[in-house]
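Survey of secondary and tertiary structure
Here is what each chain is made of, one letter per residue.
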Amino acid sequence: MSADNSEQYLDLPGGRTLAYAEAGNISSKAVVLYLHGSFTIGDASKLSPVLLSKDIHFISPTLPGWGNTSPPPPSTSYNDCLTSDMTALLTHHYPDSNIHDIKLYIAGGSFGTAPTQILYGAPYDKFPFGRCISGVLLMGPVGPFRYHKDYAECMTWSNYFMIGPVAYYMPFNLMARLMTF
């Protein structure tokens, strides 16, 4: 069993980099791909003892544009970048494997539920490991705010100004641009 929780880097085509963390049995054919939520990065430092006991290979990549992972190229859609990056990551770990031997479980928390669903619904020609998906887990999925009329009632002040009604009515996404500056 390996418990290398430090961030690792995978060189991608076009000079891009993918950061990820992993834990568990790195030669296991049972793989949990966990996609992080907002304002975090891929982390495998607190892996569940249950997953460790099941001989799982846990991989937690940092999504494109977050942390030390390069953002998508301007000419590439986020969906294409995500599927390409995750295909490269899984191919890196299982280069000689028959793709049908792998059992892939994709999980996402909060914001990570969106890329989880992108991978789940991706065509096999863009994400060939989609054929291996044995399960999907969406933890605290984020829905569009238009379906939740009272979404701003319990927000902190910083969230209220960043993604609340104030930010919605500001032109050019000005509040978010100011906060990143």
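For the structure itself, look to the data block above.
Predicted model only: the values in this text are computed from it and were never measured.

Take the pairing of strand E5 (residues 103–109) next. In terms of residue burial, E5 counts as a mostly covered element, since five of its seven residues are buried. Sheet analysis places strand E3 (residues 30–35) next to E5, joined by six bridges and oriented parallel. Paired with Leu-35 across the two strands is Gly-108, which belongs to E5. Examined bridge by bridge, E5 and strand E6 (residues 133–139) share six bridges and lie parallel to one another. Paired with Leu-104 across the bridge in E6 is Ile-133.

Another aspect to go through is the sheet that holds E6. Across the sheet, which stays open at both edges, the six strands sit in the order E1-E2-E4-E3-E5-E6 with mixed pairing between neighbours. Each edge of the sheet is formed by a strand with only one pairing partner; in this case those strands are strand E1 (8–12) and E6. Across this sheet, the average inter-strand angle for adjacent strands is 25°, counted without regard to direction. In this sheet, strand E4 (residues 57–61) lies alongside E3 in parallel orientation, the contact comprising three bridges. Looking at the pairing, Val-31 lines up with His-57 of E4.

Counted according to the given criterion, the structure contains four aromatic pairs. Between Trp-66 and Phe-111 the ring centres are 5.6 Å apart and the planes differ by 50°, which places this aromatic pair in the tilted class. Of this pair, Trp-66 sits in the loop between E4 and helix H2 (78–93) while Phe-111 sits in the loop between E5 and helix H3 (113–121), placing them 45 residues apart in sequence. You can call Trp-66 partly exposed: its relative accessible area is 21%. Following the ring pairs from residue to residue traces out a cluster consisting of Phe-39, Trp-66 and Phe-111.

Below, the discussion takes up the nonpolar core. If you look at the biggest cluster of nonpolar residues, it comprises 23 residues, and the most contacted ones within it are Leu-33, Met-86, Leu-89, Leu-104, Leu-119 and Phe-127. Put simply, the parts of the chain that give this core at least two residues each are E1, strand E2 (16–24), E3, H2 and E5. It is H2 that provides the largest number of residues to this core, a total of four residues. Apart from residues no more than four positions distant in its own chain, Leu-89 is found in contact with Leu-10, Leu-18, Tyr-20, Leu-33, Ile-59 and Pro-61. Ala-23, Ala-30, Val-32 and Ala-44 belong to the second-largest nonpolar core, a separate cluster that totals eight residues.

Reading guide: rules and limits
Every chain's residues receive numbers from 1 upward, in the order its sequence appears when written. pLDDT decides what is reported in this predicted model: residues at 70 or higher carry local features, side-chain atom pairs at 80 or more are listed and counted, and totals for whole chains, interfaces and linings draw on all residues regardless. In computing side-chain properties, one takes all heavy atoms of the structure into account and sets aside hydrogens as well as water. Buried residues are those whose accessible area, probed at 1.4 Å on protein chains only, stays under 20% of the maximum for their type, while exposed residues exceed 50% and partly exposed ones sit between those limits. A run of DSSP states H or I qualifies as a helix once it reaches four residues; a run of E qualifies as a strand once it reaches two. Both are numbered from the N-terminal end. Strand pairing is assigned whenever DSSP identifies at least 2 bridges connecting the two strands. Interaxial angles span 0 to 180 degrees and are taken between N-to-C directions of axes, which are lines fitted to C-alpha atoms, for helices over the stretch in contact. Only Phe, Tyr and Trp rings are paired, with Trp represented by its six-membered ring, and only when their centres lie within 6.5 Å; those with planes under 30 degrees apart are stacked, over 60 edge-to-face, the remainder tilted. We define a nonpolar core as any set of buried Ala, Val, Leu, Ile, Met, Phe, Trp, Tyr and Cys residues linked to one another through side-chain atoms lying within 4.5 Å. Any pair of residues with heavy atoms lying within 4.5 Å of one another is described as a contacting pair.

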